[in-house]
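# Observations on the three-dimensional arrangement
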Amino acid sequence: MRSSIAPDFLVLFFYLSQSKDKMSYKKIFLTVFIAYLLLFPLYLLSIYLYDPSHIFRNPDNLFAKSMRLQARSYLNENQNVSGIIIGSSMLENTSSVDASKKLFLDTDNVFFNLSLEGSSFVERKLVLNYAFASHDIKKVIYSIDLAPLHFAPKTNDVWQKLYDSNPFNDFLIYLRKEPLQCLLTLSKSKNCIGSKVGLDRPSAWIIDPKYANTFNGLCSWPIKSKILLKDSLYNYQKSIAINSYNLAYQIKYTEDNVFSLTDKHNKTEFYFVVPPYSALYYKIKLSVAKNEYDWTRNFLKYFVSECDKRSNCHLYGFDDQAFISDLKNYKDPMHYSDKINSLMIDSIANQENEINANNLNDYLEKSESIVENFDIEKVKKELSSCVD
């Protein structure tokens, strides 16, 4: 199904060109073309004023599904932002109020959570560059996600144009049928303009009612999570991206998209956290795809060595903590409850669970011991009782 407005005109042109009456075809085409030229500027003005995705302004701080689209307006509308929380879905549940209270000792400085679901480090750099250009950012909390998805190369996705210096290409976001359909009725529905969810953690997924009872053990997980887990346990598909994203690639990628920021903004404190995926997640990799397990560990060694060279770089890890073996903390092998997000903030505030060159080996040994001792057979047995 096509979603762009402009191609529809080209389709009409094609059908009219098949007409046997060429003069009639030319008149119709000219009429449609002139109408298009007249209506298109009107559409741009109308969609600018309506602005359903809140990319130009957002005085009511509404959230319409995509932080990629809205991070800019959130920053523009909230000039007192001094701290940024940015990561993947692993940080979306982090409370900016909690972070502000514990990491800033005054009320003049506040954090804002701009985490982008499934984001690569490239995507986060775009948003952070915009934040640094418009705000005095003193602290950044950033997730170092150890999965290939987050090392994806730069793309030309339309939303990224919102963060460049060209204001005219911002309208490309709205050259789709969905915004037009909302505009025609000036709809104020949640599906069109989003809703007011508060500034604490606008894109938090844990507030969705479907996750209300999913942190009570494996059988309480969403059915999709259980099915995917069963597939991983009995039909694991090894990552092809691991071969492309080797350590040399990771190093260059991280220098360009992460350490370039710490070095350019050396007055800003960067708190990097390694999201604590469950012991089950790592156990599966260790059992059937050890190269993927090693891939994460080798990168961590590199990151620690580079972070230690920078006074404004701090890395926190939790894979050596017992809670990663308790599946009641998770809704799938990777995603944890928001109490773990709170633990991360506490660790930064209390300078606990920090990884550096002095304790890295002990950290890796303890975390691997937890993974090796995790009872995956017990998981298989439990899963069989709640999934056919």
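This text gives an overview of the structure that appears in the document. Values in this document were obtained by computation on a predicted structure and should not be read as measured data.

## A short note on the pairing of strand E3 (residues 139-143)
The buried count for E3 comes to 5 of 5 residues, which makes it a mostly enclosed element. Alternating positions in E3 separate into two faces, Lys139, Ile141 and Ser143 on one and Val140 and Tyr142 on the other, with burial throughout. Inspection of the sheet shows strand E1 (residues 81-86) paired to E3 by 4 bridges, in the parallel sense. Counted as the bridge partner of Ile85 is Ile141 from E3.

## Notes on the packing of helix H8 (residues 223-234) against helix H15 (residues 376-386)
At a closest axis distance of 11 Å, the pairing of H8 and H15 adopts a crossing angle of 135°. Between H8 and H15, the crossing angle belongs to the class labelled oblique. Once H8 is placed against H15, the crossing between them reads as left-handed. Judged by residue contacts, Lys226, Leu229, Lys230, Leu233 and Tyr234 of H8 engage Ile376, Val379, Lys380, Leu383 and Cys386 from H15.

## Some points on the state of the cysteines
Summed over all chains, the structure comprises 3 disulfides. The side chain of Cys182 participates in a disulfide bridge whose partner is Cys192; the two sulfur atoms lie 2.0 Å from each other. Here the disulfide of Cys182 and Cys192 is left-handed, its torsion about the S-S bond being about -80°. Here Cys182, found in helix H6 (residues 177-185), pairs with Cys192, found in helix H7 (residues 190-193); they are 10 residues apart in sequence, far enough to count as distant. We note that Cys182, like Cys192, is buried. A sulfur-sulfur separation of 2.0 Å characterises the disulfide bridge that pairs Cys307 with Cys313. Measuring handedness by torsion sign, the sulfur bridge of Cys307 and Cys313 sits at about -110° and is left-handed. According to the relative accessible area criterion, Cys313 is buried, its value standing at 6%. Cysteine pairing in the chain follows 1-2, 3-6, 4-5, where each cysteine in a disulfide is numbered by its order in the sequence.

## A short note on the side chain of His150
As for its position among the elements, His150 is in the loop between E3 and H6. Looking at His150, the relative accessible area reads 5%, which means it is buried. Among the polar contacts made by the side chain of His150, one reaches the main-chain carbonyl oxygen of Ser119 at a distance of 2.7 Å. His150 has contacts with Ser88, Gly118, Ser119, Ser120, Phe121, Arg124, Asp145 and Tyr253, leaving out every residue within four places of it along the chain.

## Details of the nonpolar core
Counting 105 residues, the largest nonpolar core has Ile84, Ile141 and Phe303 as the members making the most contacts within it. With sequence-adjacent residues up to four places away left out, Phe303 is seen in contact with Ile144, Thr254, Val258, Phe259, Phe272, Cys313 and Leu315.

## Thoughts on a nonpolar patch on the surface
Residues Leu45, Tyr48 and Leu49 make up a contiguous nonpolar surface patch of roughly 300 Å² in combined accessible area. Mapping Tyr48 onto the fold places it in helix H2 (residues 22-50).

## Some details on the pattern of salt bridges
A complete count under the given rule lists 17 salt bridges for this structure. When the shortest N-O distance is used, the salt bridge between Asp145 and Arg124 registers 2.8 Å. Within this pair, whereas Asp145 is found in the loop between E3 and H6, its partner Arg124 is found in helix H5 (residues 121-134), the two being separated by 21 residues in sequence. For Asp145, a relative accessible area of 0% corresponds to the buried category. Its relative accessible area of 0% is what places Arg124 among the buried residues. For Asp263, the salt bridge identified is with Arg310, shortest N-O distance 2.7 Å.

Rules and cut-offs
- Residues numbered from 1 in each chain as written.
- Predicted model: local features only at pLDDT ≥ 70, side-chain atom pairs only at ≥ 80, totals over all residues.
- Heavy atoms only, no water.
- Buried < 20%, exposed > 50% of the residue type's maximum accessible area, 1.4 Å probe, protein only.
- Helix = DSSP H or I, 4+ residues; strand = E, 2+ residues; numbered from the N terminus.
- Pairing = 2+ DSSP bridges.
- Axes fitted to C-alpha atoms, helices over the stretch in contact; angles between N-to-C directions.
- Parallel < 35°, antiparallel > 145°, perpendicular 65-115°, else oblique.
- Left-handed = near helix turned anticlockwise from the far one by under 90°.
- Contact = heavy atoms within 4.5 Å.
- Disulfide = S-S within 2.5 Å.
- Polar contact = N/O pair within 3.5 Å; in protein donor to acceptor, adjacent residues only side chain to side chain.
- Core = buried A, V, L, I, M, F, W, Y, C linked by side-chain atoms within 4.5 Å.
- Patch = residues over 30% accessible without salt bridge, like charges linked within 9 Å, V, L, I, M, F, W, Y side chains within 5 Å.
- Areas by Shrake-Rupley, 256 points an atom, 1.4 Å probe, with all protein chains shown as cover.
- Salt bridge = Lys/Arg side-chain N within 4 Å of Asp/Glu carboxyl O.

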